[in-house]
Amino acid sequence: MSENKEMIRVEKLNKSFGDLHVLKDIDFTVNESEVVVLIGASGSGKSTMLRCLNFLELKNDGKILIKGKETDPKKDDLNKVRQRVGMVFQHFNLFPHKTVLENVIEAPIQVKKLKKAQAIEEGKKLLAKVGLADKADEYPARLSGGQKQRVAIARSLAMKPEIMLFDEPTSALDPELVGEVLATMKELAQEGMTMVVVTHEMGFAREVADKVVYMHDGRIVEVGEPNELFDNPKEVRTQEFLSSIL
Amino acid sequence: MLFFTLEELKELYLNVIKIGEALLDSRGIFWEATQLTLALTAVSIFIAIFIGLFFALLKISNIKPLEYVANIYIFIVRGTPLIVQIFVFYYGLTEIAMISGFWSATLGLAFHNGAYIAEIFRGSIQSIGKGQSEAGRSLGMNRSQTMTRIILPQAFRRALPPLGNQFIIGLKDSSLAAFIGLAELFGVATTMGANSFDYMTWLLVSAVWYLVLVLLLTLIVGAIEKKMAVSD
Ligand SMILES: Nc1ncnc2c1ncn2[C@@H]1O[C@H](COP(=O)(O)OP(=O)(O)O)[C@@H](O)[C@H]1O
Ligand SMILES: [Mg+2]
C-alpha cells in the first residue's frame, strides 16, 4: 500500500503538562496512504500524540513536518494546518444544535467559504458514503453512537483533509455498533487516506494497519507490521502489554 | 383567633370589591404606566444582554487585565444598592449630557442587570464541553468562528431559563425608576395613593399589574424554551 512518500515526520517530539513529561523524544513517520495504529496502556500519551499532530496541543520541543514542511506554531496559521489534518474523537463531539447535514457543511462554508449549495451537494454525497443519507435532517441526539461517529467522520472528510487522526473512535460505542464504524474506516483506508488511529481493536489493526506503534510511558517502544508485532513482539514490555489485553 | 368574625369577613369582601373597582376605573392610566414599565424593562435588558455578553467574554478571555476589568464591574454592581446606581446615573448623566429621566433609568438598569447577565453567560459558556471547541478548531475554524457558530448558540440556549428569571427581576426592579420621577407602575401607584390618602388600594392595584406581567413573561419564556428544544 505505502508508496514511501512521507506525509508526517515527527522528530524528537517532547511534550509536558507542567511537571508531567508526557511525550519523550518521539520519532516516527507516516507515509502517504499509510494506516498507522497506535496502541498502548491508558495514560501512555497516545491522545497527546495525536493532539500534537493537529496542534490542539503545542509541543514543547522537537519537530513536526507535514509533507516535508515544518510547522511553526508561532509563525504559521494553525487553522490552515488543521484544515489538512482531520480528527475524529472518542466522544464524537458533534454540534448538537445543528442537524447532521449542518454539522457536515459548517466548516466548508465558514472556513473554505464554499457556496452553500455546493457544500450541501458535497455533504450529501459524504453522508451517502457513510451510509447516512436518510439522516441528513436529523439532530445528533436522535442518532445511535455508531451513526454519530460516522457523521463525525463525514464532517471531517468534508474539509478534504490529507490526513485523518482517530482517537479511540469506537471506545464509547456499544459492542454491536463498533463494526459499522470500523467498516467505514476500512473503506477510507482502501481509498488511500493516510490515517493514524488509536484503537484497542486488534482485529482492525491486523487487517488494515500497515504499521503498529506501541507506546509506553510517553515513549515509542516498538514499531512493526501488525502480524510481526502482534505475533512476535521483540520487546518484553510489548509482550506484557499484548498478553494483558488478550 | 383562627376564624374571622362575620364583621371582618364582610370588611375583607368590601375591600376586595373596592380594589377591583379601583383596578377597573384606573385601567387607562395604569395601562400607560405599564407601557413605560415594559419599555424600561425591555430596553434595559436588551442593552444589558450586550453588556453581559461583553463582560462574560472578558471573564473567559484568559487575559488577566481583562478579567480584572470584568471582576471590578461585577463587584461594583453587586456591592452597591440598585437605587444608588440609578441615582448616580441620574445625577451623573444629566450633568454631562442632556439625557431624559427615562434614559438615565434605562442605562442604570442596564448597567445593573448587565453584571448578572455576564455571570449567566459566563456560566453557560463554560458549561459547554471542551470537546465542542476542539471539534470546531480541528476543522480549521478560528477562535471567533468557533465561539460564534458553535459555543454561543448552545450557551444562549442554556442561558435562557436564568435570563428569563433575570428579565422578571429586571421588571420588578424597574419600579425604582419611580424615585427619579418616572410615571411607571409603582410611580403612578404612589401618586394615586398620595392624592387619595389611600396608599394600600393603589399599591395593591399596581401589584396586580406586576403579577400579570410576570405571568405573561413566564409563559413567553416557557414557549421560547420549548421552541428551542427541537434539537434535543
Ligand atoms: N491537558 C492536560 N493537562 C494535564 N495533564 C494531561 C493533559 N492531557 C493529558 N494529560 C496527562 O498526560 C498523560 C497522557 O495522557 P493521554 O495522552 O491522554 O494518554 P492516553 O491517550 O494514552 O490514555 C496522562 O498522565 C494524562 O493525565
Ligand atoms: Mg486517550
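Please read all numbers here as calculations on a predicted model, not as lab measurements.

Basis of the calculations
- Residues numbered from 1 in each chain as written.
- Chains lettered and ligands numbered in written order.
- Predicted model: local features only at pLDDT ≥ 70, side-chain atom pairs only at ≥ 80, totals over all residues.
- Heavy atoms only, no water.
- Phe/Tyr/Trp six-rings, centres within 6.5 Å; stacked < 30°, edge-to-face > 60°.
- Helix = DSSP H or I, 4+ residues; strand = E, 2+ residues; numbered from the N terminus.
- Buried < 20%, exposed > 50% of the residue type's maximum accessible area, 1.4 Å probe, protein only.
- Salt bridge = Lys/Arg side-chain N within 4 Å of Asp/Glu carboxyl O.
- 1 Å grid on protein atoms, 1.4 Å probe; cavity = no way out; pocket = protein on both sides within 12 Å on 5 of 7 lines; lining within 4 Å.
- Points joined across faces, edges and corners; volume = space filled by probe spheres on them.
- Nonpolar A, V, L, I, M, F, W, Y, C, P; charged D, E, K, R; others polar.
- Contact = heavy atoms within 4.5 Å.
- Buried area = accessible area lost by both parts, 1.4 Å probe.
- Polar contact = N/O pair within 3.5 Å; in protein donor to acceptor, adjacent residues only side chain to side chain.
- Pairing = 2+ DSSP bridges.

Points about the packing of aromatic side chains
All names here are of chain B.
- A full pass over the atoms with the stated rule returns 12 aromatic pairs over all chains.
- Seen from their ring centres, Phe121 and Phe156 are 5.2 Å apart, and the 85° between their planes marks the pair as edge-to-face. On the criterion of sequence distance, the pair formed by Phe121 in helix α5 (residues 101-126) and Phe156 in helix α7 (residues 143-173) is long-range, its members being 35 residues apart.
- When its relative accessible area of 1% is taken as the criterion, Phe121 is described as buried.
- What makes Phe156 partly exposed here is its relative accessible area of 30%.
- Members of the aromatic cluster, connected to one another through ring pairs, are Phe54, Phe55, Tyr73, Phe89 and Phe111.

Points about the pattern of salt bridges
- If you walk through the whole model with that rule in mind, you get 28 salt bridges over all chains.
- Of the charged contacts in the structure, one is a salt bridge between A:Glu6 and A:Arg9, with a shortest N-O distance of 2.7 Å.
- By relative accessible area, A:Glu6 is classed as partly exposed at 30%.
- On the accessibility criterion, A:Arg9 (28% relative accessible area) is partly exposed.
- Here B:Glu134 ties to A:Arg51 by a salt bridge, and the two come within 2.7 Å at their closest N and O atoms. Placement of B:Glu134 in helix α6 (residues 130-138) and of A:Arg51 in helix α1 (residues 46-53) is noted, with the two residues assigned to different chains.
- Judged by relative accessible area, which is 12%, B:Glu134 ranks as buried.

A closer look at the layout of surface pockets
Residue and element names in this part refer to chain B.
- Here the largest pocket defines a volume of roughly 840 Å³.
- Lining the largest pocket are 23 residues, with Asn62, Ser133, Arg137, Arg143 and Met147 positioned closest to its centre.
- Elements represented by at least two residues in the lining of the largest pocket include exactly α5, α6 and α7.
- Considering every element that reaches the lining of the largest pocket, the biggest residue donor is α7, with 6 residues.
- Quantified by volume, the second largest pocket comes out at close to 300 Å³.
- Ile49, Leu160, Leu163, Phe167 and Ile224 are the residues nearest the centre of the second largest pocket, which is lined by 14 residues in total.
- If you list the elements that add at least two residues to the lining of the second largest pocket, you get α2 (27-59), α7 and α9 (199-228).
- Examining the composition of the lining of the second largest pocket, we find that 6 residues originate from one element, α7, more than from any other.
- Among the residues making up the lining of the second largest pocket, the classes are represented as 12 nonpolar, 1 polar and 1 charged.

Notes on the interface of chain B and chain A
- At the junction of the two partners, chain B supplies 20 residues and chain A supplies 25 residues.
- In total, chain B and chain A occlude about 2000 Å² of area from one another, counting both sides; carbon and sulfur atoms represent 55% of this.
- Three residues stand out in chain B for area buried against chain A, namely B:Ser138, B:Leu139 and B:Arg149, and they jointly supply 31% of the buried area on that side.
- Our enumeration of links across chain B and chain A arrives at 2 salt bridges.
- Linking chain B to chain A there are 8 residue pairs in polar contact (both at pLDDT 80 or more).
- Among the elements of the structure, α6 and α7 of chain B are those that each provide at least two residues to the side of chain B that touches chain A.
- Broken down by element, the side of chain B that touches chain A gets its largest block of residues, 8 residues, from α6(B).

Structural notes on the pairing of strand β9 (residues 211-216) of chain A
Residues and elements named next belong to chain A.
- Counting buried residues in β9 gives 5 out of 6 residues, a clear majority hidden from the surface.
- When strand β3 (residues 35-40) meets β9, the two strands line up parallel, connected through 5 bridges. Residue pairing in the sheet places Ile39 in a bridge with Tyr214 of β9.
- Taken together, β9 and the strand that follows it, strand β10 (residues 219-224), pair antiparallel across an intervening segment of 2 residues, in which Asp217 is found at a positive phi of about 50°.

These figures come from the coordinates and say nothing about function on their own.
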